[in-house]
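# Working through the structure, step by step
Take a look at the letters that make up each chain.
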Amino acid sequence: MSTIFSGIQPSGTLTIGNYVGAIRQFVELQNSHNCFFCIVDEHAVTVPQERLKLRDNIRSLAAIYLASGIDPNKSTLFIQSEVPAHTQLGWMMQSISYMGELERMTQFKDKSEGKEAVSSALFTYPSLMAADILLYNTDLVPVGDDQKQHLELTRDLAQRFNNRFLDVFTVPEISIPKVGARIMSLQEPTKKMSKSDENAKASIFMLDDPKKIEKKIKSAVTDSEGIVKYDKENKPGVSNLLDIHAVFSGETIEELERKYEGKGYGDFKQGVADAIINVLKPIQDRYYEILDSALLDQILDQGAEKASLVANKTIQKAKKAMGLGRVK
Ligand code: TYM
């Protein structure tokens, strides 16, 4: 059975972009793969975080994973900082990463642009991400489109390590969903929907109540044409809503274009909102049941233990390959 690894940062409430690009794929894939899903809190602290808020976000993300359908009997769910092997291999990966290739990362450029104090960890973030993936002999990494560049670097680092030292790492493939790989902002549909967008109207959060979802979809930017048609270049707002509708209702874009032919954006937007609410409402109900349960802690404890077993084996191999420590 092939192995899957993916992670999400606990840096705020998840958006439907995270759901569509990541979690929805995870729930499907766990039925046929050996899966590791991680709450990457060490990645979150590469930018300033309020400590109590971070704690809440970690727990909340664990509950969202489970409420969305991640089954601890099928998948290993754990917190990155509870498995020290991640930072250990992260250091080794930094040692073989070049400044030039890290400087080319668009996520680093976006996140550091115009900021006065940029942490060195934000710069070396992709080396830690490579470590996350490579620790588990991962074959496939399901992510949204924005992580493609990081994945290409991960593949380069794995190959570089294998060539320079010993053949330790599996070179992972990337898996990006066909529809919804990049859900866009509702207010600026040429920009990615993001957990950290300052304009709350731009994103639908997974814990938004139905009224809020309706309101945000109704105020989403479209155009003055009044025709529901997929055309990313000329109609980015409508195309984004079509993507969202398709993913949440399971209909194809063509079916939806036909369904809303001759109807205005009012009906269309109501359809988009209803499709989202139908999927999110049951997830939200489960989320509030799980959030404060002792079961959640048990699952995370077991997850960290299971992940450590695999990760520590890889660390031993990687240390040996690099000549670190003593022969035992
Ligand atoms: P993060 O926390 O920003 O996002 C988590 C996942 O959600 C996807 N995503 C989206 N997909 C579609 N449309 C969007 N608007 C959208 N926004 C986010 C992301 O592509 C991602 O799959 N660096 C990673 C976290 C990470 C990781 C890893 C991922 C750390 N180590 C190892 C995979 C493997 C990140 O910042 O994701």
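Note that the structure is predicted; figures quoted are calculated from it, not measured.

So, how was this worked out
Residues numbered from 1 in each chain as written. Predicted model: local features only at pLDDT ≥ 70, side-chain atom pairs only at ≥ 80, totals over all residues. Heavy atoms only, no water. Helix = DSSP H or I, 4+ residues; strand = E, 2+ residues; numbered from the N terminus. Buried < 20%, exposed > 50% of the residue type's maximum accessible area, 1.4 Å probe, protein only. Contact = heavy atoms within 4.5 Å. Areas by Shrake-Rupley, 256 points an atom, 1.4 Å probe, with all protein chains shown as cover. Lys, Arg positive; Asp, Glu negative; His and termini not counted. Charge placed at Lys NZ, Arg CZ, Asp CG, Glu CD. UniProt positions renumbered as here; feature names shortened; annotations may be inferred. Polar contact = N/O pair within 3.5 Å; in protein donor to acceptor, adjacent residues only side chain to side chain. Near = heavy atom within 4 Å. Nonpolar A, V, L, I, M, F, W, Y, C, P; charged D, E, K, R; others polar. Pairing = 2+ DSSP bridges. Axes fitted to C-alpha atoms, helices over the stretch in contact; angles between N-to-C directions. Parallel < 35°, antiparallel > 145°, perpendicular 65-115°, else oblique. Left-handed = near helix turned anticlockwise from the far one by under 90°.

### Comments concerning the overall build of the protein
For the protein, the count of helices and strands is 13 helices and five strands. A total of 328 residues make up the protein; the buried ones form 52% of that total. Residue pairs at least 24 apart in sequence account for 77% of intrachain contacts in the protein once pairs closer than 6 positions are excluded. Surface accessibility of the protein: about 16,100 Å² in total, with carbon and sulfur atoms responsible for 49%. Where the 41 positive side-chain charges of the protein centre and where its 44 negative ones centre are 3 Å apart.

### Quick look at the UniProt feature "binding site: L-tryptophan" (unreviewed entry) in the protein
In the numbering used here, UniProt assigns the feature "binding site: L-tryptophan" (unreviewed entry) to Asp132. In this fold, aspartate 132 is placed in helix H7 (residues 120–134). The buried category is assigned to aspartate 132, whose relative accessible area is 3%. Non-local contacts of aspartate 132, meaning those with residues more than four positions away in its chain, are made with Phe5, Val40, His43, Gln80 and His86. A polar contact is formed between the side chain of aspartate 132 and the side chain of histidine 86, at a distance of 2.8 Å.

### Digging into the side chain of serine 175
Within the secondary structure, serine 175 sits in strand S5 (residues 173–175). For serine 175, a relative accessible area of 17% corresponds to the buried category. Excluding anything up to four places from it in sequence, serine 175 contacts Gln25, Leu140, Val141, Pro142 and Val143.

### Let's talk about unusual backbone geometry
Although it is not a glycine, asparagine 137 adopts a positive phi angle of roughly 50°. Assignment of secondary structure puts asparagine 137 in the loop between H7 and strand S4 (140–142). Classification of asparagine 137 by relative accessible area gives partly exposed; the value is 29%.

### Notes on the site of the ligand
In the vicinity of the ligand lie 27 residues, with Tyr125, Asp132, Asp146, Ile183 and Lys195 positioned nearest. Asparagine 18 has a polar side-chain atom sitting 3.1 Å from an oxygen atom of the ligand. Within the backbone of isoleucine 183, an N or O atom sits 2.8 Å from a nitrogen atom of the ligand. Coverage of the ligand by the protein chains reaches 97% of its 720 Å² of free accessible surface. Put simply, the parts of the chain that give the shell around the ligand at least two residues each are strand S1 (3–8), helix H1 (16–29) and H7. Classifying every residue of the shell around the ligand by side-chain character gives twelve nonpolar, ten polar and five charged.

### Quick look at the pairing of strand S3 (residues 75–79)
The element S3 is extensively covered by neighbouring structure, given that five of its five residues are classed as buried. Residues of S3 alternate between two faces, with Ser75, Leu77 and Ile79 on one and Thr76 and Phe78 on the opposite face, all of them buried. The pairing of strand S2 (residues 34–39) with S3 spans five bridges and is classified as parallel. The residue of S3 that forms the bridge with cysteine 38 is phenylalanine 78.

### Topic: the packing of helix H9 (residues 210–218) against helix H12 (residues 265–290)
Here H9 crosses H12 at 150°, and the two axes come no closer than 9 Å. Between H9 and H12, the angle is such that the two are roughly antiparallel. Between H9 and H12 the crossing geometry is right-handed. On H12, the residues touching Pro210, Ile213, Glu214, Ile217 and Lys218 of H9 are Lys269, Gln270, Val272, Ala273, Asp274, Ile276, Ile277, Leu280 and Lys281. Of the residues assigned to the contact of H9 with H12, the class counts are eight nonpolar, one polar and five charged.

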